[in-house]
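# Structural characterization, general
The chain contents come next:
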Amino acid sequence: MKTILVAGGAGYIGSHMSALLTEKGYEVVVVDNLCTGHWQAVKGGAKLRVGDLRDGAFLDRVFSEFPIDGVINFAAFSLVGESVADPLKYYGNNVSGSVSMLTAMKNHGVENIVFSSTAATYGEPEKQPIEETDRTEPSNPYGASKLAIEGLLKWSGRAYGIRYAALRYFNAAGANPEVEIGEDHYPETHLIPIVLQCALGKRDHVGIFGDDYPTADGTCVRDYIHVRDLVSAHLLALEYLDRGGESGAFNLGSGDGYSVKEIIETARRVTGKPISAVTEPRRAGDPSVLIASNKKAREVLGWTPERGLEKIISDAWAWHSGHPNGYEG
Ligand code: UFG
């Protein structure tokens, strides 16, 4: 049986990863400092070790305690706006955490890592859909910190034989209500959970950040991908590296774009609630359209996203309506 270390495994995407690995019969070791993660999201079967990736001695102990075969690293700060206000926090945590993780891997002879990267590495896209070979020019320190780590992975590959898949996520959403895990961020900044908080009566409206973009209805278009499809791709990437696949970056998106207004409309239909929306000024730094080409992940990893927008919103709704206070109740 293989043992996989999931860094950030108590967070939103990491907890879905741990649940999938456990279901598939892997031994799962979660490391998380619980700064934004929730211990309740680490379900039975996975072992939790609480500590910070930047603490090399802590990682050394974990790598000595368990026979780690591969690493999936989700641990990072991920708020775009906050990263602009405090770039040192983002470079400091995200880059240093990865340096420390790669050091432990090198010292303990662990070769394969699946890394959580982002569409924010592209910045303002040159064209749609976005391909992995397109220009990467992040427009915020969050995306820049992830791109810096992709560079670090490449050079660590050449120097130490580390093998990696950097997975560039588009808009992760949805939940796994069967395992009772879902999105629980504070503060919440993402569109779908905010819309569902309106449906729950926890907010009285959702602000639409700009309706004068050059899109069909004037609102921003994004590529929403179900978190369960997202984590399936990580497992495929791990297996791909295991059989000697070439390191590289892969987009993870559905390939379909939906506008902010379409998201709100779908949420009204799925929840049966009115959900009031008010147009507000644009949010700084939002590109008008971000849609992935997922051709490379389909062809090279054999990945097929299976869950569309209705399923994303209905799973998210099942989680939020069943856990209106997130993991606290
Ligand atoms: N939006 C609103 N109102 C809200 C919240 C969001 O209109 O209250 C809009 C945004 O302007 C954007 C869309 O809804 O057009 C989606 O916004 P999110 O904040 O949900 O997601 P982003 O597209 O901004 O961010 C995602 C990831 C980031 C990543 C980024 C890459 O969540 O981690 O894509 O561009 F960095």
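Here's what I pulled together on the structure shown here.

Quick look at the site of the ligand now. Close to the ligand lie 19 residues, the nearest being L191, G207, R222, R283 and D286. Contact between the ligand and H190: an oxygen atom at 2.9 Å from a side-chain N or O atom of the residue. The protein chains hide 90% of the 680 Å² of surface that the ligand would expose on its own. Sorting the residues of the shell around the ligand by element identifies helix 6 (191–199) and strand 8 (206–209) as the ones contributing at least two each.

Turning our eyes to something else, we now look at the packing of helix 6 against helix 8 (residues 260–271). Close contact between helix 6 and helix 8 brings their axes to 10 Å; oriented N to C, the two are set at 40°. Relative to helix 8, helix 6 is oriented oblique. Considering the relative orientation of helix 6 and helix 8, their crossing is right-handed. Contacts from L191, I192, V195, L196 and A199 of helix 6 reach helix 8 at V260, I263, I264, A267 and T271. Residue composition of the contact of helix 6 with helix 8, by class: nine nonpolar, one polar and no charged.

Before going further, it helps to examine the side chain of D32. Note that D32 resides in strand 2 (residues 27–32). At 2.9 Å, the side chain of D32 forms a polar contact with the backbone nitrogen of A10. Excluding residues within four positions of it along the chain, D32 makes contact with G8, G9, A10, G11, G37, L48, R49, V50 and G51.

What the rule picks out here adds up to four aromatic pairs. When the ring of Y90 is compared with that of Y142, the centres are 6.5 Å apart and the planes differ by 90°; the resulting orientation is edge-to-face. Of the two residues, Y90 sits in helix 4 (residues 87–108) while Y142 sits in helix 5 (residues 141–160), which places them 52 residues apart along the sequence. Take Y90 and Y142: they sit in the same class, and that class is buried. Judged by centre distance (5.9 Å) and plane angle (85°), the ring pair of Y240 and F250 falls under edge-to-face. Taken as a pair, Y240 in helix 7 (residues 227–242) and F250 in strand 11 (residues 248–252) lie far apart in primary sequence, 10 residues in all. Among the residues examined, F250 registers a relative accessible area of 1% and is labelled buried. The structure contains a cluster of three or more aromatic residues connected by ring pairs, namely F77, Y90 and Y142. The side chain of K89 reaches across the aromatic face of F77, ending 4.6 Å from its centre. Just above the ring of W155 sits the side chain of R158; from NZ or CZ to the centre is 4.7 Å.

Successive residues of a regular strand alternate their side chains across the two faces of the sheet. Of all seven residues that make up strand 5 (residues 112–118), seven are buried, and the element is covered over most of its length. In the sheet, strand 4 (residues 70–73) pairs with strand 5 via four bridges, with the strands oriented parallel. Bridged to G70 within strand 5 is N112. Bridge count between strand 5 and strand 6 (residues 163–169): seven bridges; the pairing is parallel. From the neighbouring strand, F115 faces strand 6, where its bridge partner is A166. Remark: the strand 5/helix 5/strand 6 crossover connection has right-handed handedness.

With that settled, consider the sheet that holds strand 1 (residues 3–7). Hydrogen bonds between backbone atoms are what pair the strands of a sheet, whose relative direction is either parallel or antiparallel. Reading across the sheet, the seven strands line up as 3-2-1-4-5-6-11 and stay open at both edges, with parallel pairing between neighbours. The open sheet terminates on both sides in strands that have one partner only, identified here as strand 3 (47–50) and strand 11. In this sheet, adjacent strand axes meet at a mean angle of 20° when their direction is disregarded. Relative to strand 11, strand 6 runs parallel, the two sharing five bridges. Looking at the pairing, A166 lines up with A249 of strand 11. This element, helix 5, spans strand 5, strand 6 and strand 11 of the sheet and lies at about 155° to strand 5. Running at roughly 160° to strand 6, helix 7 makes contact with strand 1, strand 4, strand 5, strand 6 and strand 11 of the sheet.

Bringing the nonpolar core into the picture now. If you look at the biggest cluster of nonpolar residues, it comprises 34 residues, and the most contacted ones within it are V6, I13, M17, L21, I72, L167 and L252. Put simply, the parts of the chain that give this core at least two residues each are strand 1, helix 1 (12–23), strand 2, strand 6, helix 7, strand 11 and helix 9 (295–301). Top element by residues in this core is helix 7. It accounts for nine residues. Look past the residues within four positions of I13 in its chain and what remains in contact with it is F74, Y169, A172, V227, L230 and V231.

Turning our attention to the environment of R203. Looking at where R203 falls in the secondary structure, it is placed in the loop between helix 6 and strand 8. Residue class for R203 comes out partly exposed when judged on its relative accessible area of 32%. For the pair R203 and I275, spaced 72 residues apart in sequence, the C-alpha to C-alpha distance is 9.3 Å. Non-local contacts of R203, meaning those with residues more than four positions away in its chain, are made with E188, I194, Q197 and C198. A distance of 2.6 Å separates the side chain of R203 from the side chain of Q197, its partner in a polar contact.

Cut-offs and rules
Residues numbered from 1 in each chain as written. Predicted model: local features only at pLDDT ≥ 70, side-chain atom pairs only at ≥ 80, totals over all residues. Heavy atoms only, no water. Near = heavy atom within 4 Å. Polar contact = N/O pair within 3.5 Å; in protein donor to acceptor, adjacent residues only side chain to side chain. Areas by Shrake-Rupley, 256 points an atom, 1.4 Å probe, with all protein chains shown as cover. Helix = DSSP H or I, 4+ residues; strand = E, 2+ residues; numbered from the N terminus. Axes fitted to C-alpha atoms, helices over the stretch in contact; angles between N-to-C directions. Parallel < 35°, antiparallel > 145°, perpendicular 65-115°, else oblique. Left-handed = near helix turned anticlockwise from the far one by under 90°. Contact = heavy atoms within 4.5 Å. Nonpolar A, V, L, I, M, F, W, Y, C, P; charged D, E, K, R; others polar. Phe/Tyr/Trp six-rings, centres within 6.5 Å; stacked < 30°, edge-to-face > 60°. Buried < 20%, exposed > 50% of the residue type's maximum accessible area, 1.4 Å probe, protein only. Lys NZ or Arg CZ within 6 Å of the ring centre and 35° of its normal. Pairing = 2+ DSSP bridges. Right-handed = clockwise from strand over helix to strand, strands pointing away. Core = buried A, V, L, I, M, F, W, Y, C linked by side-chain atoms within 4.5 Å.

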